[in-house]
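# Coordinates in review
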Amino acid sequence: MRRIAVLTSGGDSPGMNAAIRAAVLRGIDKGLEVFGVYNGYEGLLEGNIVPMKRKNVGGIIQRGGTILRTSRSDRFKLEESQFEAIRKLKDLDIEGLVVIGGDGSFKGAMKLCEKGLPVVGIPGTIDNDISGTDYSIGFNTAVSTVLDAIDKIRDTAYSHEKTSIIEVMGRGAGDIALWAGLCTGAASIIIPEAAYQIKDVITRIQAARERGDKDCIIIVAEGVCSAEEIKKELQEQIQLETRVVVLGFLQRGGTPNAYDRMIGSQMGAKAVDLLLDGNHGSMLCVKDGKITYSPFEEAAKEVHEIDMSLYQLALSLSS
Ligand SMILES: Nc1ncnc2c1ncn2[C@@H]1O[C@H](COP(=O)(O)OP(=O)(O)O)[C@@H](O)[C@H]1O
Ligand SMILES: O=P(O)(O)OC[C@H]1O[C@](O)(COP(=O)(O)O)[C@@H](O)[C@@H]1O
Ligand SMILES: [Mg+2]
């Protein structure tokens, strides 16, 4: 293998740049020519592929987002597009691809592998919802960003004795909500993985207020419902006035923290090693605190599960 390419796909996440940088530098160190595909699978279909030199990845490790930019590409889901993508790489004699992205991007990566292209995946999404890995790059930074925002909201909520409902991202997963809830001492955490009843939320809020909490926080994962819906229910059922904050893209951007830079760097380099060693058709993962890898098919069989012991802990601490 002499030429490889790297792309980022799906939602960007802090730490993706560290992974791009490490893949490029490791590739160059191993004597390869490394290319960057701009704009994810969409860019691959358009042939938006450029050589990456050391200077192209200088000064990016501390930047959020992805310098290669990203996309969501519906047309890439078609078989003919996947063959076209492989042709675009073959035209440049590129023999291996590193895909940095989330669960959706890995489905696309598997389709490319099935059609004969050597691909290695690096998990990168703030949602932490990828099967086969305990961690995906960006989650840690995103949670820290959410904590920072909530800490600020609490200052003013305390001053006005207001209950706040914070809506966080995560798609179908409650990891961001659960971590943010535990780490801010939220009175109630609403996640897709646990059945939610408004009467339980009310009980917890009332208990917190009776204990003297002046800045009650409710955290709701976007995968359950909107914060506005919870606000409406609380208004109707107990005439409680609340404030809603939807954190949105705020939580996806920002400077990657040490952990995401570290995991990104390790996985970026390891992805190149796996391509060179013939261990393609696989994805990097974190298992029991160690970086390892497994075939896409094996990883896909696993279901990403939230740590319910953390949810039980949160319930116990907010009862
Ligand atoms: N079943 C699939 N087959 C082929 N490509 C897919 C499939 N699912 C997703 N993709 C590709 O991966 C891209 C990114 O997926 P998405 O779910 O948006 O983000 P993420 O990878 O961050 O989860 C999609 O826009 C699409 O191009
Ligand atoms: O950028 P968009 O298209 O608005 O998507 C928002 C979604 O992207 C995310 O930020 C990241 O999700 P993915 O990693 O699956 O792309 C989700 O938390 C959120 O639901
Ligand atoms: Mg996803």
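Just so it is clear, the model here is predicted, and its values are computed rather than measured.

What counts and what doesn't
Residues numbered from 1 in each chain as written. Chains lettered and ligands numbered in written order. Predicted model: local features only at pLDDT ≥ 70, side-chain atom pairs only at ≥ 80, totals over all residues. Heavy atoms only, no water. Near = heavy atom within 4 Å. Polar contact = N/O pair within 3.5 Å; in protein donor to acceptor, adjacent residues only side chain to side chain. Nonpolar A, V, L, I, M, F, W, Y, C, P; charged D, E, K, R; others polar. Helix = DSSP H or I, 4+ residues; strand = E, 2+ residues; numbered from the N terminus. UniProt positions renumbered as here; feature names shortened; annotations may be inferred. Contact = heavy atoms within 4.5 Å. Buried < 20%, exposed > 50% of the residue type's maximum accessible area, 1.4 Å probe, protein only. Lys, Arg positive; Asp, Glu negative; His and termini not counted. Salt bridge = Lys/Arg side-chain N within 4 Å of Asp/Glu carboxyl O. Pairing = 2+ DSSP bridges. Axes fitted to C-alpha atoms, helices over the stretch in contact; angles between N-to-C directions.

### A few points about the site of ligand 2
For ligand 2, the full set of nearby residues is Gly10, Gly11, Arg72, Thr125, Ile126, Asp127, Met169, Gly170, Arg171, Glu222, Phe249 and Arg252. One nitrogen or oxygen atom from the side chain of Arg72 is found 2.7 Å from an oxygen atom belonging to ligand 2. One of the side-chain N or O atoms of Arg171 is found 2.9 Å from an oxygen atom in ligand 2. Here the shell around ligand 2 is built from residues that sort into three nonpolar, four polar and five charged.

### Here we look at the environment of Gln197
Of note, Gln197 is situated in the loop between strand E7 (188-190) and helix H7 (198-210). Here Lys199 takes part through its side chain, which lies 3.0 Å from a polar atom of the side chain of Gln197.

### Here we look at the UniProt feature "domain: Phosphofructokinase" (unreviewed entry) in the protein chain
With numbering matched to this structure, UniProt assigns "domain: Phosphofructokinase" (unreviewed entry) to residues 3-275. Annotated as 44% helix and 16% strand, the span residues 3-275 places its first and last C-alpha atoms 11 Å apart.

### A closer look at the UniProt feature "binding site: ADP" (unreviewed entry) in the protein chain
Those residues carrying the UniProt feature "binding site: ADP" (unreviewed entry) are Arg154 and Arg211 in this numbering. Counting through the fold element by element, Arg154 comes out in helix H5 (residues 139-160). Filtering out sequence-adjacent residues up to four positions away, Arg154 remains in contact with Thr184, Asp215 and Ile217. Assignment of secondary structure puts Arg211 in the loop between H7 and strand E8 (217-221). Ignoring sequence-local partners within four residues, the contact set of Arg211 consists of Ser318 and Ser319.

### A look at the side chain of Asp260
Residue placement: Asp260 occurs in helix H9 (residues 258-276). No salt bridge is formed by the buried Asp260. Its closest oppositely charged neighbour is Arg261, at 8.6 Å.

### What to know about the sheet that holds strand E4 (residues 96-101)
Strand order in the open sheet formed by seven strands is E3-E2-E1-E4-E5-E10-E11, and the pairing between neighbours is mixed. With one partner strand each, in any of the chains shown, strand E3 (49-52) and strand E11 (290-295) form the two edges of the open sheet. Strand-to-strand twist across the sheet, computed as the mean angle between neighbouring axes with direction ignored, equals 30°.

### What about the pattern of salt bridges?
Side chains bearing opposite charge may pair, as long as their charged atoms lie close to each other. Inspection of the entire model under this criterion finds 17 salt bridges. For Lys77, the salt bridge identified is with Asp74, shortest N-O distance 3.8 Å. According to the relative accessible area criterion, Lys77 is exposed, its value standing at 64%. Looking at Asp74, the relative accessible area reads 61%, which means it is exposed. Between Arg154 and Asp215 there is a salt bridge, with its nearest N and O atoms 3.2 Å apart. In this pair, Arg154 sits in helix H5 while Asp215 sits in the loop between H7 and E8, placing the two residues 61 residues apart along the sequence.

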